[in-house]
Number of protein chains: 2
Amino acid sequence: MNKEENYTHTFDRVRVVMVNTTEPGNIGAAARAMKNMNLSQLTLVNPQGYPSAVATARASGADDVLSNALVCESLEEALQGAHLVIGASARQRNIKWKQMDVVGACNEIQKITSVENQTVVVVFGTEKYGLTNEELDLCQILMTIPGNPDYFSLNVASAIQVFAYQNYVYNTTTQFEQSSNKIASFDELEGFYTHLSQVLEHIEYFEDKRPKALLMRRLRRFFGRAEPEKEEVAILRGILRNIKPFQK
Amino acid sequence: MNKEENYTHTFDRVRVVMVNTTEPGNIGAAARAMKNMNLSQLTLVNPQGYPSAVATARASGADDVLSNALVCESLEEALQGAHLVIGASARQRNIKWKQMDVVGACNEIQKITSVENQTVVVVFGTEKYGLTNEELDLCQILMTIPGNPDYFSLNVASAIQVFAYQNYVYNTTTQFEQSSNKIASFDELEGFYTHLSQVLEHIEYFEDKRPKALLMRRLRRFFGRAEPEKEEVAILRGILRNIKPFQK
């Protein structure tokens, strides 16, 4: 496989997910932005007024990206099989997700996608408010786009353009050593979190001063930050299986 | 002058010039793209159908950039006083201008604008054809935007967005809010590993095919990678305290 083919495969392992997009024109503009930077995998979660002639017009010659786009009803569905989920945010957040700028995120993407069959999803929220905290809970990394601290109101297609450009530049210049260890996929991680939450219920860990929602968010953030390998998730679940409920 | 003021002055020394723009919406989108990346100086050469409600709508909160924009009848007029003129081009050209990619161009911009009163102009051509050779003759540097060799058809506002982003990043380094949460110290982590190992003994997790030394090494590597905060170690130890040995 020559270098150029290798690059193309790497680009194909990056999926852009647009959640609750309200303006079909932005979907078309996003498709055009993506194709210009060699990205082709697009998923739309609950797009409003789509498909639409406006979207197709704004896509210009990138209507193939639109016609190949997947349409889902939930973000969870869109994330199936992903090995790393990155959420785009206009601003830094109070609750501390693992945060990085676009360059840092592209570095992570490069690491994951350099291994065959590993995929990364980058999620962009709705025009007015971006991603909700619940949507960000499904993300391991929060990607912020640097910009004017006094006015930051990037159009969603512009944000995708910036990301896609940076990803293109990053991918076509940087080489990384390949890790031989396989990263756990989104659904494997979700399975672990479900299992963990059940076990914590059984051992009566949650209580008023340790509310389940808050603690699970913190644990997700913690485990997500480590970008667990498949084998590590298997080890953690092996531990969980050995934990039995209290015998009162 | 503090660092932040210095940055602002540097940004103010960069002017974007749009030549013969045919879609007013693109002018609005360009203003928004610029303001998001701290640029404010815009000149329009022979804009068609401008001013326009469409432009103002697409500018979103960046209508101040529009209302301060200069309108000229010729590119020569727009370039008066510039210390460096850079022309944006979707493709490399046959006739050999001094060519560089966006990062290289931003490096030149930085060099020029770091000197007081020196200004740089970056020129973007009309939607369909970009800059003519005659217009490029007025430029010292031809800036190409990297992208898909098989489909390169950046919208002009998207091209300005990419340039403005790269210029912003080049001019500043991103500061992330420091997490107020303290990272766990070496001894706190060691205390956690000892505790974890004891609990795993108690629940009879280790066995011949799950040797303690190997498993503990893998768990250390896993937890260490997440760079746990003090609070997170406290949460994990809280969980461990709730796990009781098997009742046989």
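Structure's up top.
None of these values were measured; they are calculated from a predicted model. (Residues numbered from 1 in each chain as written. Chains lettered and ligands numbered in written order. Predicted model: local features only at pLDDT ≥ 70, side-chain atom pairs only at ≥ 80, totals over all residues. Heavy atoms only, no water.)

With that settled, consider the overall build of chain A. For chain A, the helix and strand inventory stands at 11 helices and 7 strands. Across the 248 residues of chain A, 61% fall into the buried class. Here the contacts in chain A between residues at least 6 apart in sequence split such that 84% fall between residues at least 24 apart. Put simply, chain A shows about 10,300 Å² of open surface, and 48% of that area lies on carbon and sulfur atoms. (Helix = DSSP H or I, 4+ residues; strand = E, 2+ residues; numbered from the N terminus. Buried < 20%, exposed > 50% of the residue type's maximum accessible area, 1.4 Å probe, protein only. Contact = heavy atoms within 4.5 Å. Areas by Shrake-Rupley, 256 points an atom, 1.4 Å probe, with all protein chains shown as cover.)

Moving on: the environment of arginine 15 of chain B. Residue and element names in this part refer to chain B. Position of arginine 15 among the secondary structure elements: in strand E1 (residues 14–19). Here the alpha-carbon distance between arginine 15 and methionine 34, two residues 19 residues apart in the chain, equals 9.9 Å. Apart from the residues within four sequence positions on either side, arginine 15 is in contact with Gln41, Leu42, Thr43, Leu70, Val120, Val121 and Val122. Within the structure, arginine 15 has its side chain in polar contact with the side chain of glutamine 41 (distance 3.1 Å). (Polar contact = N/O pair within 3.5 Å; in protein donor to acceptor, adjacent residues only side chain to side chain.)

Residue position: arginine 210 of chain A is located in the loop between helix H9 (186–202) and helix H10 (212–225). Excluding residues within four positions of it along the chain, arginine 210 of chain A makes contact with Tyr205 and Leu215 of chain A together with Gly238 and Asn242 of chain B.

Residue and element names in this part refer to chain A. If you walk across this open sheet you meet the 7 strands as E3-E2-E1-E6-E4-E7-E5, and the pairing is parallel. Where the open sheet ends on each side, the last strands, each with one partner, are strand E3 (70–72) and strand E5 (98–101). Direction aside, neighbouring strands of the sheet carry axes that sit 25° apart on average. Here strand E2 (residues 41–45) runs beside E3; their pairing, made up of 3 bridges, is parallel. Across the sheet, residue valine 45 finds its bridge partner in E3, namely cysteine 72. This element, helix H8 (residues 156–171), spans strand E1 (14–19), strand E6 (120–124) and strand E7 (141–144) of the sheet and lies at about 170° to E1. (Pairing = 2+ DSSP bridges. Axes fitted to C-alpha atoms, helices over the stretch in contact; angles between N-to-C directions.)

Next up on the list: unusual backbone geometry. All names here are of chain A. Residue proline 51 follows tyrosine 50 across a cis peptide bond; omega there is 0°. Positive phi, close to 50°, is recorded for asparagine 20, a residue that is not glycine. For asparagine 20, the location among the structural elements is in the loop between E1 and helix H2 (24–36). Residue class for asparagine 20 comes out partly exposed when judged on its relative accessible area of 27%. A positive phi is found at glutamate 204, a non-glycine position, where the angle reads about 55°. By the secondary structure assignment, glutamate 204 is in the loop between H9 and H10.

Next up on the list: the packing of aromatic side chains. Within this structure, the stated rule accounts for 16 aromatic pairs over all chains. A ring pair is formed by phenylalanine 222 of chain B and phenylalanine 223 of chain B, whose centres lie 5.3 Å apart and whose planes are at 70°; its orientation type is edge-to-face. Phenylalanine 222 of chain B sits in the buried class, given a relative accessible area of 2%. Taken together, the aromatic side chains of Phe192, Tyr193, Phe222 and Phe223 of chain A together with Phe192, Tyr193, Phe222 and Phe223 of chain B make up a single cluster linked through ring pairs. Residue placement shows lysine 35 of chain A over the ring face of tyrosine 151 of chain B; its charged tip is 4.6 Å from the ring centre. (Phe/Tyr/Trp six-rings, centres within 6.5 Å; stacked < 30°, edge-to-face > 60°. Lys NZ or Arg CZ within 6 Å of the ring centre and 35° of its normal.)

All names here are of chain B. Taken in spatial order, the 7 strands line up as E3-E2-E1-E6-E4-E7-E5 in an open sheet, and their pairing is parallel. The two strands at the open ends of the sheet, each matched to only one other strand, are strand E3 (70–72) and strand E5 (98–101). Looking at each pair of strands side by side, their axes are set apart by 25° on average, direction ignored. Pairing geometry for E5 and strand E7 (residues 141–144), over 4 bridges, is parallel. What sits directly across from aspartate 101, in E7, is threonine 144. Sitting on the sheet, helix H6 (residues 102–113) is in contact with E1, strand E4 (84–89), E5, strand E6 (120–124) and E7, with an inclination near 105° to E5. Contacting E1, E6 and E7, helix H8 (residues 156–171) runs over the sheet at an angle of about 170° to E1.

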